[in-house]
Amino acid sequence: MINRLTMIPPTEMAGALWQIASSGKFNADILFTVTNTAAAITLSVIGGFLAGATLHAMPRLRHAANPLLSAYYAVPVFVFYPLLIVAFGVGRGALIAMGALVGIVAMIVNTLDGLDRVPPVLIKTAEVLKLGYARKLLLVRLPAALPYLVTGVKLAAAYSVIGIVAGEFILATAGIGKRIAFGYQDFDNRTMYGMLLLLLILVMVVNGALAYWEKRLHRRFGRS
Amino acid sequence: MKARHLDTLLLLLCLGFAWELIYALVGPDVVPSPVTTLRRAGELVQTANFWKDAASTGHAFALACAIGIGGGIAIGLLLGFSKLATEVADPMLGTIYSIPKITLYPIILLIFGLNLSAKVAFGVIHGVFPVIIATMSALRNVPPIHRRTAHVLGLSPAATISTVLVPAALPEIFSGIRIGVAVTLLGTLLAEMFASASGLGFALTRAMELHEVVDIFALALLIFASAAILNGSLLALERRLRGHD
């Protein structure tokens, strides 16, 4: 029914994916994307948490930054990618920076949200028990905020992948997105759909796992 | 209220200052100074080419918004009226919403060809899902007492929808529309950056390939500013719809 140049049947997509996996010809590209994404997620989670905690400690700065944070995802941050290319050159650096830039604000916002929702009674209990600042942070605040932090991690991961794959599409030396774009340009539909399927499976597995973890944490803490 | 705006303004000034500092550190080959960028942006808006690109992007963006928002509300209403449909569709829509849609662009290009409709279609698949999800959840969140009152008053289904459900759900639907508009713009620009022959996204990629750093910064700044203004005005409208808070 559909022109083969437009779409190939799903069975053939799965076959192409199997071929890619067994021949190992794109292993380097897959590894490139996966490691870059992991680096970007790590950066945005750690950076976002630190920035969020800092903002939480400084209410005035936080109020000033609030409109900027809420408008962040309304502007296409991706238009920064060409600038990152200029700054870092074509390669890992620009991609990781792009992924981290797209992901970090989700983490900041959710860190703030999580720290806001720590029940006051827990803080008071900690004070009654005379816990020091560090122990209060580690034993009380962080566990209580954890479900919201995991939401932040989930969103940061989803956004980072978008930033990185989009970057690979536009300009990069390697990666899954690059292979898909190449496959498109060469009318190599088997490679294109195979890699596409692989990427979608990877994203759904990571996203599903994080969503499951998030739900469990919310259920466990939701009762208090 | 006033003091908070002042703080935000101060923060923006600090960011501008940080930009100037980075410029002083890494030099004009990588980051142009804020003044140069603003001047270039001022020049760009006086050229005919810029407006041709802006019109091309605007055209695709407007079409994508109309289709994405209209379709999203229609699908959301259809699904939202049935409890079963809401429960079945909700997790599926959530998953689709979270996949990076940029990967689907080659398929869209193969289906539509390299032209306006591909850009519009790509914008639509970005914008339609948040609108559907928001519409469904808005209908679910209408207090049951509203429906019961409508029932007691003997309103016909059509009258219930137009005079009770839609007004009650409108503010939440509207925040879905605001998100939808923002991601539709992102989708349209991404489409232009990846493969297109016109538009602001295309101008950005061209500037990147020619290594015109000042042009990249100026274009990014102009896109940023228009997106921020668009978002701000939608937000103001949303506040008015919610009445107060």
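Residues numbered from 1 in each chain as written. Chains lettered and ligands numbered in written order. Predicted model: local features only at pLDDT ≥ 70, side-chain atom pairs only at ≥ 80, totals over all residues.

A. Seen up close, the overall build of chain B. Summing up its helical and strand segments, chain B has 10 helices and 0 strands in all. Of the regular secondary structure in chain B, the N- to C-terminal order runs α-α-α-α-α-α-α-α-α-α. Each principal axis of the C-alpha atoms in chain B carries an extent, and together these give about 70 × 55 × 30 Å. Here chain B, with 245 residues, has 38% of them falling under the buried criterion. (Helix = DSSP H or I, 4+ residues; strand = E, 2+ residues; numbered from the N terminus. Buried ≥ 20, exposed ≤ 12 C-beta atoms within 10 Å, placed from the backbone.)

B. Expanded view of the overall build of chain A. Scanning chain A from N- to C-terminus turns up 9 helices and 0 strands. Each helix and strand of chain A, placed in order from N terminus to C terminus, yields the pattern α-α-α-α-α-α-α-α-α. In terms of overall dimensions, chain A has C-alpha extents of about 70 × 40 × 30 Å along its principal axes.

C. How the structure looks around the nonpolar core. One finds Ala156(A) and Leu219(B) to be the most contacted residues of the largest nonpolar core, which totals 126 residues. Sequence-distant contacts of Leu219(B), defined by excluding residues within four places in its chain, comprise Leu200(B), Ala203(B), Leu204(B) and Ala207(B). (Core = buried A, V, L, I, M, F, W, Y, C linked by C-beta atoms within 7 Å. Contact = placed C-beta atoms within 7 Å.)

D. Representation of the environment of Glu212(B) in the model. Residues and elements named next belong to chain B. As for its position among the elements, Glu 212 is in the loop between α9 (200-209) and α10 (213-241). Owing to 17 C-beta atoms within 10 Å, Glu 212 belongs among the partly exposed residues under this scheme. Measuring from C-alpha to C-alpha, the distance between Glu 212 and Leu 222 comes to 16 Å, with 10 residues separating the pair along the chain.

E. Quick look at the interface of chain A and chain B. Tallying the contact residues gives 38 residues for chain A and 38 residues for chain B. Counting only elements with at least two residues in the side of chain A that touches chain B, the list comes to α3 (59-72), α4 (81-88), α7 (133-170), α8 (176-185) and α9 (189-222) of chain A.

F. View of the packing of helix α8 (residues 157-194) of chain B against α9(B). All names here are of chain B. Following both chains from N to C, one finds α8 and α9 inclined at 45 degrees, their axes separated by 7 Å at the closest point. In terms of axis orientation, α8 runs oblique to α9. Taken as a pair, α8 and α9 cross one another with a handedness that is right-handed. Residues Leu 189, Leu 190, Ala 191, Glu 192 and Met 193 of α8 form the contact with α9, whose participating residues are Leu 200, Gly 201, Phe 202, Leu 204 and Thr 205. Classifying every residue of the contact of α8 with α9 by side-chain character gives 7 nonpolar, 2 polar and 1 charged. (Axes fitted to C-alpha atoms, helices over the stretch in contact; angles between N-to-C directions. Parallel < 35°, antiparallel > 145°, perpendicular 65-115°, else oblique. Left-handed = near helix turned anticlockwise from the far one by under 90°. Nonpolar A, V, L, I, M, F, W, Y, C, P; charged D, E, K, R; others polar.)

G. Highlighting the confidence of the model for chain B. Residue and element names in this part refer to chain B. In the predicted model, chain B carries a mean pLDDT of 83, and the fraction of residues at 70 or more is 98%. Mean pLDDT across the secondary structure elements of chain B bottoms out at helix α1 (residues 2-26), with 76, and peaks at helix α3 (residues 48-80), with 89. Prediction confidence for the complex, expressed as pTM and ipTM, is 0.79 and 0.71 respectively. (pLDDT = per-residue confidence, 0-100.)

H. Just the packing of helix α5 (residues 105-112) of chain B against helix α6 (residues 116-140) of chain B, in detail. All names here are of chain B. It is the contact of α5 with α6, at a shortest axis distance of 9 Å, that shows an interaxial angle of 140 degrees. Judged by the inter-axis angle, α5 sits oblique to α6. As α5 packs across α6, the resulting crossing turns out to be right-handed. Listed contacts from α6 to Tyr 105, Ile 108, Leu 109 and Phe 112 of α5 are Ser 117, Ala 118, Ala 121 and Phe 122.

I. Fine view of α3(A). Between its terminal C-alpha atoms α3(A) stretches 19 Å, which fits the 20 Å expected from 14 residues at 1.5 Å a residue. At Ala65(A), α3(A) shows its maximal bend, which comes to roughly 45 degrees, and the proline Pro67(A) appears one to four places after that position. (Expected span 1.5 Å × (residues − 1). Bend = angle between axes of the 7 residues up to and from the residue.)

J. Up close: the environment of Ala169(B). Residues and elements named next belong to chain B. Here Ala 169 shows up in helix α8. A count of 26 C-beta atoms within 10 Å places Ala 169 in the buried class. When the C-alpha atoms of Ala 169 and Leu 84 are compared, they prove to be 19 Å apart, with 85 residues separating the residues in sequence. The residues touching Ala 169, leaving out its near neighbours within four places in the chain, are Ala 138, Leu 139 and Val 142.

K. A look at unusual backbone geometry. The phi torsion at Lys130(A) lies on the positive side, around 55 degrees, for a residue other than glycine. Its location among the elements puts Lys130(A) in the loop between α6 (120-128) and α7.

L. A look at the environment of Ala228(B). Position of Ala228(B) among the secondary structure elements: in helix α10. With 16 C-beta atoms counted inside 10 Å, the residue Ala228(B) sits in the partly exposed group. Sequence separation between Ala228(B) and Ala182(B) is 46 residues; the distance between their C-alpha atoms is 9.5 Å. Setting aside anything within four residues of it in sequence, one finds Ala228(B) in contact with Ala71(A), Ala74(A) and Val75(A).

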